[in-house]
Amino acid sequence: MSRAFQHVLRKVGARHSRRGLITILTAVSLVLIMGFLALSLDWGYMSVTHCELQKAADSAALSGARQLDTSAQAAVDAATTWAGRNTAAGSAITSPLVELGTWDDTTATFTVLYSGKGAPDPSLVATAIRVTCSRTAANGNALNLFFAPILGTSSADVSASAIASRTNTNCGYIIGRTGVTINNGNVDSYNSGLGKIG
C-alpha cells in the first residue's frame, strides 16, 4: 500500500471515530436532560401537592379548633370533615391524622393528649389541634410520579401539618359606668351598684 493511501485511510478513520464520539455524547446528554426533566417536573408536581395538602391541613385544623370548646369528638369530626372537602393531586383527602393536645406559646410546642387512635376521651380538655394530611406509601396513597420511573423511583411520600389553638380572652370590664354616649345617642351598660340584673 502506498503512503498516500494509508494517509487517506487514517483521516477517514479519524472522521468516523469522531462521529461515533458525537453519537455517544449525544446519547449521554439526552439521558442527563431526561433526568433533569424528570427532576423538575416531578419536583414541581410534589410541590403543588404539598401546597394542596397544607391548605387541607390548615382548614381542618382551624375548623377543629373552633369546636374544641364543644367536645373533643366534635373537634376531631370537624377536622376530618374539612380535610375531606379538599383534594391533593386530584384525590380527596380521606384519612388525616388528627391529634388533640395543648399549645405552649412561650416554647412553641404542641403536647399530644390524644394521638388520633380510637375515640377521644369525653373528659379530655384540649386547647390545640394538630392535623396531618399526607399522600404516603404507608397509607396506600403515595404520590405517583411521571418521569421519575425512568430513573427507578415511581412514587413519593408527601405530607403537611398544621396546628391551631383556641384561647379564650376577655375583652375587658367596665366598672362604674351607667351609660356611654355615642354619636348623640345613649347606650346603656350594666351598673353593678344597682344590684342583680332582672
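Look a little higher up for the structure.
Since the model is a prediction, treat every value here as computed from it, not as a measurement. (Residues numbered from 1 in each chain as written. Predicted model: local features only at pLDDT ≥ 70, side-chain atom pairs only at ≥ 80, totals over all residues. Heavy atoms only, no water.)

**Digging into the pairing of strand E8 (residues 158-165)**
Counted only if it meets this: For the exposure calls, accessible area comes from a 1.4 Å probe over protein chains only, and a residue counts as buried if that area is under 20% of its type's maximum, exposed if over 50%, partly exposed in between. In DSSP terms, a helix is any run of H or I states spanning at least four residues, a strand is any run of E spanning at least two, and both are numbered starting from the N terminus. At least two bridges found by DSSP between two strands is the condition for calling them paired.
Along E8, the buried face is formed by Val158, Ala160, Ala162 and Ala164; none of Ser159, Ser161, Ile163 and Ser165, which line the opposite face, is buried. As judged from the eight bridges shared by strand E5 (residues 128-135) and E8, these two strands associate in the antiparallel manner. What sits directly across from Cys133, in E8, is Ala160.

**A closer look at empty space enclosed by the protein**
The method is simple in principle: a probe with the dimensions of a water molecule rolls over the atoms, and the space it marks as empty is what remains. Test applied: Space inside and on the surface of the protein is sampled on a 1 Å grid over the protein atoms alone, with a cavity defined as a set of points where a 1.4 Å probe fits but cannot get out and a pocket as an open set with protein on both sides within 12 Å along at least 5 of 7 lines; lining residues have an atom within 4 Å of a point. Grid points are joined across faces, edges and corners, and a volume is the space filled by probe spheres set on the points. Three classes are used, and their members are as follows: Ala, Val, Leu, Ile, Met, Phe, Trp, Tyr, Cys and Pro are nonpolar, Asp, Glu, Lys and Arg are charged, and the others, Gly among them, are polar.
Tallying each qualifying case throughout the model produces one cavity of 30 Å³ or more. Roughly 50 Å³ of volume is contained in the largest cavity. Looking at the lining of the largest cavity, its residues break down into two nonpolar, five polar and one charged.

**Digging into the sheet that holds strand E4 (residues 109-114)**
Neighbouring strands of a sheet are bound in pairs by backbone hydrogen bonds; such pairs are parallel or else antiparallel. The criterion, for reference: Structural elements are reduced to axes, namely lines fitted to C-alpha atoms, with helices fitted over the stretch in contact, and the angle between N-to-C directions of any two is expressed from 0 to 180 degrees. Contacts were defined at the residue level, with two residues in contact if any of their heavy atoms lie within 4.5 Å.
A sheet is described by the order of its strands in space; here four strands give the open sequence E4-E3-E5-E8, paired in antiparallel fashion. What marks the edges here is a single partner per strand, and that holds for E4 and E8. Direction aside, neighbouring strands of the sheet carry axes that sit 35° apart on average. Along the sheet, helix H2 (residues 72-84) contacts strand E3 (97-104), E4 and E5; its crossing angle with E3, the most-contacted strand, is approximately 120°.

**Focus on the side chain of Ser63**
Condition: Under this definition, polar contacts are N or O atom pairs within 3.5 Å; protein pairs additionally need one hydrogen-donor-capable and one acceptor-capable atom, and for neighbouring residues in sequence, both atoms have to be side-chain atoms.
Its location among the elements puts Ser63 in helix H1 (residues 3-66). Residue class for Ser63 comes out buried when judged on its relative accessible area of 5%. At 3.3 Å, the side chain of Ser63 forms a polar contact with the backbone oxygen of Ala78. Contact partners of Ser63, with chain neighbours within four places excluded, come to Ala78, Ala79 and Trp82.

**Some remarks on the packing of aromatic side chains**
To be explicit about the condition: Classification of ring pairs uses Phe, Tyr and Trp, with its six-membered ring standing for Trp, and accepts pairs whose centres are within 6.5 Å; under 30 degrees between planes counts as stacked, over 60 as edge-to-face, and the remaining range as tilted. Working rule: Lys NZ or Arg CZ, within 6 Å of ring centre, within 35 degrees of ring normal, means a charge sits over the ring.
Using the criterion set out here, one finds one aromatic pair in the structure. Taking 4.8 Å as the distance between ring centres and 50° as the angle between the ring planes, the aromatic pair formed by Tyr45 and Phe146 counts as tilted. Here Tyr45 is found in helix H1, whereas its partner Phe146 is found in the loop between strand E6 (143-144) and strand E7 (155-156), with 101 residues between them in sequence. Among the residues examined, Tyr45 registers a relative accessible area of 22% and is labelled partly exposed. For Phe146, a relative accessible area of 55% gives the class exposed. Taking the ring centre of Trp82 as reference, the NZ or CZ of Arg85 above it sits at 4.5 Å.

**As for the nonpolar core**
For clarity, the cut-off: Residues belong to a common nonpolar core when they are buried Ala, Val, Leu, Ile, Met, Phe, Trp, Tyr or Cys residues joined through side-chain atoms within 4.5 Å.
Membership of the largest hydrophobic core comes to 30 residues, with the highest contact counts inside it found for Leu53, Ile93, Leu100, Ile129, Val131 and Cys133. Elements that contribute at least two residues to this core include exactly H1, H2, E3, E5 and E8. In terms of residue count, H1 provides more of this core than any other element does, seven residues in total. If near-sequence neighbours (up to four positions away) are discounted, Leu53 is found in contact with Ala88, Ile93, Cys133, Ser134, Arg135, Val158, Ser159 and Ala160.

**Concerning the pattern of salt bridges**
Definition in use: Here, a salt bridge means any Lys or Arg side-chain nitrogen found within 4 Å of an Asp or Glu carboxyl oxygen.
The tally for this structure, following the rule as stated, stands at two salt bridges. Of the charged contacts in the structure, one is a salt bridge between Arg166 and Asp69, with a shortest N-O distance of 3.1 Å. Taken as a pair, Arg166 in the loop between E8 and strand E9 (179-182) and Asp69 in the loop between H1 and H2 lie far apart in primary sequence, 97 residues in all. We classify Arg166 as partly exposed; its relative accessible area is 31%. The partly exposed category is assigned to Asp69, whose relative accessible area is 47%. We note a salt bridge from Arg130 to Glu99, for which the minimum N-O separation is 2.7 Å.

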